[in-house]
2 protein chains.
Amino acid sequence: MNYNYEHDLNKGISVDCVIFGFDFEKLKVLVIRRKPVENISESLVSLPGDLIFNDENLDQAAQRVLKELTDLENIYLEQLGAFGDLDRLSKPSDIAWLRSNRAQPEARVITVAYYALVNLNAFDPKPSNFAESVSWEPVEDIKSMAFDHLEIFNKAREELYRKLKIQPIGFNLLPKKFTLSQLHKLYEAIVGRELDKRNFRRKMIKLEIVKKLDEKQKGVPHKPSNFYEFHVENYKRLVNKGFDNFGF
Amino acid sequence: MNYNYEHDLNKGISVDCVIFGFDFEKLKVLVIRRKPVENISESLVSLPGDLIFNDENLDQAAQRVLKELTDLENIYLEQLGAFGDLDRLSKPSDIAWLRSNRAQPEARVITVAYYALVNLNAFDPKPSNFAESVSWEPVEDIKSMAFDHLEIFNKAREELYRKLKIQPIGFNLLPKKFTLSQLHKLYEAIVGRELDKRNFRRKMIKLEIVKKLDEKQKGVPHKPSNFYEFHVENYKRLVNKGFDNFGF
DNA sequence: GCAAAAGTGTTAACTGTACACCCATGA
DNA sequence: TCATGGGTGTACAGTTAACACTTTTGC
């Protein structure tokens, strides 16, 4: 891609994306390490993002950032809101980075944040224009971030949790076929505490939002687990009845 | 207030506020009727809003708009998110209005929307810079709005409902002292259906988030109702225990 | 045969829901 | 005394929460 930044970019507004993934063990977030600039050695991770083009809407800008990193389209994506504190770009290392990457480094920039849920086994993230490297980090290891990205990240975790209680969005983090144990582990990773295995399975099965497949795990050194799919039609039926409380 | 728009305003970003009020009968929203411009007779109502100054953050801009209309400060305020569809300013009557009120009428503007909850008995709204008149309209009467304000308004109603289920924000719409019947009516207005009176009262009393006062209604032609207050401390205690489901 | 994770039922406590009558007041 | 809204209890159904052992597989 090769854009004329002077004319196409809206210089006051950016998007940033909190991209969640699940490796069957831990909930992870995709972060980028910026290319080093000037003589700043500090290397905070940050969220993928970019300025917005004048001919795309906000959702499209977020989709573009995701596509550049993951090559995936039609990703589950929700807006978190706008962040516009006056000091959001004031850390010394952030200013240095902006000076070498933006046409108007001192400009005030308001960012619109999104969170995305992806099946991280489906792709390898690749470095983009602004990133030296891209990596999946366990969410509980994230202690600091560039700009105001830690604030955005924390908001994203809260929203993910809040949403999981009222909608079964977790399926977006899993492959099409999954086991109930994987789903169970995922829910525990998001809510941050243990959930009773029997009660969890009973709830999912009773709500009929999972469809049992005629296929089991192979080659595992223990009783093989049955595969399931998300049952979209049944879930839609539930929603129409007004259901919105999973009780986690 | 008298600002130099060329220098102080961020021309690409505005805030718009959905201000809810409750008159003990219906849920209402504060709308403005724009001053007529050119030869456009159509007079759609719109949400109060303004461009953002470069020396204020997003929340402060929203507070400023509220203060200008209501003279109230410390209002309950939540951000709804950013709205940036490319066609959000494309209706003919909107373009005419922008031409006579904005320095760069053709500029793309992204808006950050907020909703606010106020006790509408505490003040009379007053016309502001951009508004010919200001009025409270029952939410169910709103069928169309200028710009993309109907979309924002609908999102605000959804969020108000969603939030009411997990937090007792309704108290912000009532005076400090209120009766349980008023609270009951308010909840019915927001959730949009009848709620059993006994079950409702039992729930509020059992959760201990209302404090019974030693004071009754006077001069009413029926059994006088007891006044209550919101019990902030007890509610905080509930939150700390992880409570977040009122079940409406 | 053993290690490892899958899969399965019951009970008690709590919560939600449906429902109808008497009470206190002003006019 | 009547019209108006305030205020109260009970029973049934459904949901949540706690808890431990047997099964199937690979090695």
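Criteria and thresholds
- Residues numbered from 1 in each chain as written.
- Chains lettered and ligands numbered in written order.
- Predicted model: local features only at pLDDT ≥ 70, side-chain atom pairs only at ≥ 80, totals over all residues.
- Heavy atoms only, no water.
- Near = heavy atom within 4 Å.
- Polar contact = N/O pair within 3.5 Å; in protein donor to acceptor, adjacent residues only side chain to side chain.
- Buried < 20%, exposed > 50% of the residue type's maximum accessible area, 1.4 Å probe, protein only.
- Helix = DSSP H or I, 4+ residues; strand = E, 2+ residues; numbered from the N terminus.
- Pairing = 2+ DSSP bridges.
- Domains from an automatic or database assignment.
- Contact = heavy atoms within 4.5 Å.
- Buried area = accessible area lost by both parts, 1.4 Å probe.
- Least-squares fit on C-alpha atoms with pLDDT ≥ 70 in both.
- Salt bridge = Lys/Arg side-chain N within 4 Å of Asp/Glu carboxyl O.
- Expected span 1.5 Å × (residues − 1).
- Patch = residues over 30% accessible without salt bridge, like charges linked within 9 Å, V, L, I, M, F, W, Y side chains within 5 Å.
- Areas by Shrake-Rupley, 256 points an atom, 1.4 Å probe, with all protein chains shown as cover.
- Lys, Arg positive; Asp, Glu negative; His and termini not counted.
- Charge placed at Lys NZ, Arg CZ, Asp CG, Glu CD.
- Core = buried A, V, L, I, M, F, W, Y, C linked by side-chain atoms within 4.5 Å.
- Nonpolar A, V, L, I, M, F, W, Y, C, P; charged D, E, K, R; others polar.
- Arc of directions from axis to C-beta.

**Looking at the protein's contact with DNA strand C**
Phase 1: The environment of DNA strand C is made up of 22 residues, and the closest members are Ser181, Lys197, Arg201 and Asn226 of chain A together with Lys223 of chain B.
Phase 2: Looking at DNA strand C alone, sugar and phosphate atoms form 41% of those within 4 Å of the protein.
Phase 3: Backbone polar atom of proline 221 of chain B to a base oxygen of DNA strand C: 3.2 Å apart, as the coordinates give it.
Phase 4: The contact in question runs from a base oxygen of DNA strand C to an N or O atom on the backbone of histidine 222 of chain B, over 3.2 Å.

**Remarks on the pairing of strand β10 (residues 226-230) of chain B**
Residues and elements named next belong to chain B.
Phase 1: Counting buried positions along β10 gives 4 out of 5 residues, so the element sits mostly inside the fold.
Phase 2: Where strand β8 (residues 178-179) and β10 come together, 2 bridges link them in antiparallel fashion. Paired with phenylalanine 178 across the strands is tyrosine 228, a residue of β10.
Phase 3: With 4 bridges connecting them, strand β9 (residues 210-216) and β10 associate as antiparallel partners. Residue pairing in the sheet places valine 210 in a bridge with phenylalanine 230 of β10.

**Comments concerning the domain arrangement of chain A**
Accessible area lost upon the coming together of the parts serves often as the stated size of an interface.
Residues and elements named next belong to chain A.
Phase 1: The assigned domain composition of chain A is domain 1 (9-165) and domain 2 (175-240).
Phase 2: Taken over C-alpha atoms, the centre of domain 1 sits 30 Å from the centre of domain 2.
Phase 3: At the interface, 8 residues of domain 1 touch 9 residues of domain 2.
Phase 4: Summing both partners gives a buried area of about 940 Å² for domain 1 against domain 2, and 75% of it is carried by carbon and sulfur.
Phase 5: Per-residue buried area on domain 1 facing domain 2 is highest for Phe22, Phe24 and Leu164; these three make up 55% of the total on that side.
Phase 6: Summed over the shared surface of domain 1 and domain 2, the result is 0 residue pairs in polar contact (both at pLDDT 80 or more).
Phase 7: Looking at the side of domain 1 that touches domain 2, the element that brings in the most residues is helix α4 (residues 149-166), giving 3 residues.

**Thoughts on the relation of the copies chain A and chain B**
Phase 1: Between chain A and chain B, the superposition needs a rotation of 180° and an axial shift of 0.0 Å, giving an RMSD of 0.0 Å. Within this description, the copies of the chain are treated as partners about a two-fold rotation axis. In terms of proximity to the rotation axis, the leading residue of chain A is glycine 81 of chain A, whose C-alpha is 2.0 Å off the axis.
Phase 2: Both copies present the same face, since 100% of the interface residues in chain A are matched by interface residues at the equivalent positions in chain B.

**Focus: the sheet that holds β9 of chain B**
Phase 1: Spatially, β8-β10-β9 (chain B) is the arrangement adopted by the 3 strands of the open sheet, whose pairing is antiparallel. For this open sheet the edge positions go to β8 and β9 of chain B, each flanked by a neighbour on one side alone.

**Things to note about the interface of chain A and chain B**
Phase 1: Counting residues at the interface gives 23 residues for chain A, matched by 23 residues for chain B.
Phase 2: Both sides together, the interface formed by chain A and chain B hides about 1,700 Å², and carbon and sulfur atoms give 51% of it.
Phase 3: Our count for the contact surface shared by chain A and chain B stands at 2 salt bridges.
Phase 4: Lysine 165 of chain B is the partner of aspartate 244 of chain A in a salt bridge, and the nearest nitrogen-oxygen pair spans 2.3 Å.

**A word on helix α2 (residues 58-70) of chain A**
Residues and elements named next belong to chain A.
Phase 1: Given a rise of 1.5 Å per residue, 13 residues ought to cover 18 Å, and the 19 Å separating the end C-alpha atoms of α2 matches this to within 8%.
Phase 2: Turning to α2, its buried residues are Leu58, Ala61, Ala62, Arg64, Val65, Leu66, Glu68, Leu69 and Thr70.
Phase 3: Taking the backbone nitrogen of aspartate 59 as reference, a side-chain oxygen 3.2 Å away marks asparagine 57 as the first, capping residue of α2.
Phase 4: Just downstream of α2 lies aspartate 71, where phi reads positive at about 65°.

**Overview of a negative patch on the surface**
Phase 1: Taken together, the side chains of Asp59 of chain A together with Asp85, Asp87 and Glu151 of chain B define an acidic patch exposed on the protein surface.
Phase 2: Secondary-structure assignment places aspartate 85 of chain B in the loop between β5 (76-83) and α3 (92-101).

**Overview of unusual backbone geometry**
Phase 1: Non-glycine residue phenylalanine 147 of chain A carries a positive phi angle of around 50°.
Phase 2: Among the structural elements, phenylalanine 147 of chain A can be located in the loop between β7 (131-138) and α4.

**Focus on the nonpolar core**
Phase 1: Core analysis: the biggest nonpolar cluster contains 50 residues, and Ile19 and Tyr114 of chain A together with Ile19 and Tyr114 of chain B have the highest contact counts within it.
Phase 2: Not counting residues up to four positions away in its chain, the partners in contact with tyrosine 114 of chain B are Val15, Asp16, Cys17, Val18, Leu58, Asp59, Ala62, Leu77, Glu78, Gln79 and Leu80 of chain B.

**Observations regarding the protein's contact with DNA strand D**
Phase 1: Surveying the vicinity of DNA strand D reveals 22 residues, the closest of which are Lys223 of chain A together with Ser181, Lys197, His222 and Asn226 of chain B.
Phase 2: When the atoms of DNA strand D within 4 Å of the protein are sorted by group, sugar and phosphate make up 41%.
Phase 3: Measuring from a phosphate oxygen of DNA strand D, one finds a side-chain N or O atom of serine 225 of chain B at 3.1 Å.
Phase 4: A per-element tally of the surface near DNA strand D places helix α6 (residues 197-207) of chain A first, with 5 residues.
Phase 5: For the surface near DNA strand D, the residue count by class is 5 nonpolar, 6 polar and 11 charged.

**What about α6 of chain A?**
Residues and elements named next belong to chain A.
Phase 1: If you check which residues of α6 are buried, you get Phe200, Met204 and Leu207. Along the axis of α6, the buried positions cluster into a sector of 80°, meaning they face one direction only. Opposite the packed face of α6, turned more than 90 degrees from it, sit the exposed residues Arg198 and Lys206.
Phase 2: Buried-residue contacts for α6 involve α5 (180-191), β9 (210-216) and α7 (232-240).
Phase 3: Where α6 begins, one side-chain oxygen reaches toward the backbone nitrogen of arginine 198, 3.1 Å away; that side chain belongs to aspartate 196.
Phase 4: Following α6 by one or two positions, glutamate 208 adopts a phi angle in the positive range, close to 60°.

**Focus on the pattern of salt bridges**
All names here are of chain B.
Phase 1: Scanning all chains against the criterion turns up 30 salt bridges over all chains.
Phase 2: Notably, a salt bridge pairs arginine 64 with glutamate 56, separated by 2.8 Å at the nearest N-O pair.
Phase 3: Judged by relative accessible area, which is 10%, arginine 64 ranks as buried.

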